[in-house]
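# Reading the structure
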Amino acid sequence: MVEWNPITGHASQVLDDLRKKLSLHQRGKQVKIGISTDPKARWRKHSKSKKHEWEKMIVVYKTSSHKSVSFIETELIAFCADKYPDKIENEVLGGGGINNPENFSNFYVYFLVK
């Protein structure tokens, strides 16, 4: 299930709101933070994971800026790793970005929860 609840805006202006969303969604749950240009297609891949049994994907941020989506992903992973180290499933700190970002007009940050 994909839950669409993205906010938009300059990364530095929405970061605190996204941290609050992350805190709410991780309560009692494992979380993975990621970025995508096509969240529905990405969910189809995650939902088939045999290693993880994700309940849902929550799309929390939408931007036309590749730099902003990479920044938000990195900041949220660092926040979660610091505040909830036993709840985060990310193996790397993020920020790697999207391959060929010039081919896309929108980028999304999402949370996976289980």
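In case you missed it, the structure is sitting above this.
Here is a short report on the structure shown in this document. (Residues numbered from 1 in each chain as written. Predicted model: local features only at pLDDT ≥ 70, side-chain atom pairs only at ≥ 80, totals over all residues. Heavy atoms only, no water.)

Turning our attention to the sheet that holds strand 2 (residues 31–36). What holds strands together in a sheet is hydrogen bonding between their backbones, with the strands either parallel or antiparallel. The sheet built from four strands is open, its strands ordered 1-3-4-2 with mixed pairing. The strands lining the two open edges of the sheet, one partner per strand, are strand 1 (2–7) and strand 2. Here the average twist between neighbouring strands, direction ignored, is 25 degrees. Looking at chain direction, strand 2 and strand 4 (residues 107–113) are connected through six bridges and run antiparallel. (Pairing = 2+ DSSP bridges. Helix = DSSP H or I, 4+ residues; strand = E, 2+ residues; numbered from the N terminus. Axes fitted to C-alpha atoms, helices over the stretch in contact; angles between N-to-C directions.)

It is worth spelling out the packing of helix 1 (residues 11–26) against helix 3 (residues 66–83) at this point. Where helix 1 meets helix 3, the axes come as close as 10 Å, and the angle between the chain directions of the two elements is 40 degrees. In terms of orientation, helix 1 and helix 3 fall into the oblique class. Seen along the crossing, helix 1 lies across helix 3 with a hand that is right-handed. Together, Ala11, Val14, Leu15, Leu18, Arg19, Leu22 and Ser23 of helix 1 and Ser68, Phe71, Ile72, Glu75, Leu76, Phe79 and Cys80 of helix 3 make up the contact between the two elements. In terms of residue class, the contact of helix 1 with helix 3 is made up of ten nonpolar, two polar and two charged. (Parallel < 35°, antiparallel > 145°, perpendicular 65-115°, else oblique. Left-handed = near helix turned anticlockwise from the far one by under 90°. Contact = heavy atoms within 4.5 Å. Nonpolar A, V, L, I, M, F, W, Y, C, P; charged D, E, K, R; others polar.)

This paragraph deals with the layout of surface pockets. Of the pockets and cavities examined, the largest pocket occupies roughly 170 Å³. If you trace the largest pocket, you find 13 residues lining it, with Lys32, Ile33, Glu73, Asn90 and Val92 closest to the centre. Elements supplying a minimum of two residues to the lining of the largest pocket: strand 2, helix 2 (39–47) and helix 3. Ranked by the residues each element gives to the lining of the largest pocket, the list is headed by strand 2, at four residues. By residue class, the composition of the lining of the largest pocket is five nonpolar, four polar and four charged. (1 Å grid on protein atoms, 1.4 Å probe; cavity = no way out; pocket = protein on both sides within 12 Å on 5 of 7 lines; lining within 4 Å. Points joined across faces, edges and corners; volume = space filled by probe spheres on them.)

Further remarks concern the pattern of salt bridges. All chains considered together, the criterion is met by four salt bridges. Glu3 serves as the salt-bridge partner of Lys56, at 3.2 Å between the closest nitrogen and oxygen. In this pair, Lys56 sits in strand 3 (residues 56–63) while Glu3 sits in strand 1, placing the two residues 53 residues apart along the sequence. Note that Arg19 is salt-bridged to Asp16, the shortest N-O span being 3.2 Å. Note that Arg19 and Asp16 are positioned in helix 1 at a spacing of three residues, about one turn of the helix. We classify Asp16 as partly exposed; its relative accessible area is 48%. One salt-bridge network, held together by shared partners, links Asp16, Arg19 and Glu75. (Salt bridge = Lys/Arg side-chain N within 4 Å of Asp/Glu carboxyl O. Buried < 20%, exposed > 50% of the residue type's maximum accessible area, 1.4 Å probe, protein only.)

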